[in-house]
Amino acid sequence: MATDTGFRNAACPEYEALLEDYLNGDLDGSAARTAAEHWKNCGGCREALEQAYGELETRVLVRTAALTRVNKALQREIDERQRAQEALRSTMEQLVQAGKMGALGQMATGVAHELNQPLSVIKTASNFFMRKLRRNEPIDGEVLRTMSEEIDSHVDRATRIINHMREFGRKSAVFPE
């Protein structure tokens, strides 16, 4: 199996065969030592190996520089993705907060509407009683009873609304026992 290393040595016929055996792993301990001795003592082989070493050094430097550029580009991309993920997380948190505030606004509007009716009844009855008292006019017993029952009923309604809000605000078990 011929291995083309790209390094030729026309001055030494043994160079190619030894190099091929070495690169294929076909040299055992003593054969490898013999090849090393030959390359060290043969002027043509030594020159070819020094040339090959120089060319390999150049290739390694060029490849290292290319890998360094690629690594820096990858690191920039990683940093950019991390910034994008952080921006996305922050935006999602803002959306959740905006949703909470919207829900809170709707809930406050609903509670205000629900409490407004009982308060209106109480205010109307209160105005009626104060007007009658300022004028020293008597209040019919049936009217007083009816209005008192209405006030009582609407106070109960407002209390239920408030208690429901308190229960809603408390933590509750996810799975009832």
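No experiment lies behind these values; they were computed from the predicted model shown.

Participant: Help me get a handle on the side chain of His154, residues and values and all.
Facilitator: Tracing the backbone shows His154 in helix α4 (residues 141–169). For His154, a relative accessible area of 10% gives the class buried. Look past the residues within four positions of His154 in its chain and what remains in contact with it is Gln117, Pro118 and Val121.

Participant: An account of helix α3 (residues 43–134) is needed here, citing residue identities and associated values.
Facilitator: Between its terminal C-alpha atoms α3 stretches 131 Å, which fits the 136 Å expected from 92 residues at 1.5 Å a residue. Bending of α3 peaks at approximately 30 degrees at the position of Asn116, with proline Pro118 no more than four residues after it. Residues of α3 that are buried: Cys45, Ala48, Ala52, Ala66, Leu115, Pro118, Ala125, Phe128, Phe129 and Lys132. Positive phi appears at Asn136, one or two residues downstream of α3, with a value of about 55 degrees.

Conventions we followed
Residues numbered from 1 in each chain as written. Predicted model: local features only at pLDDT ≥ 70, side-chain atom pairs only at ≥ 80, totals over all residues. Heavy atoms only, no water. Helix = DSSP H or I, 4+ residues; strand = E, 2+ residues; numbered from the N terminus. Buried < 20%, exposed > 50% of the residue type's maximum accessible area, 1.4 Å probe, protein only. Contact = heavy atoms within 4.5 Å. Expected span 1.5 Å × (residues − 1). Bend = angle between axes of the 7 residues up to and from the residue.

Keep in mind these values describe shape, not function.
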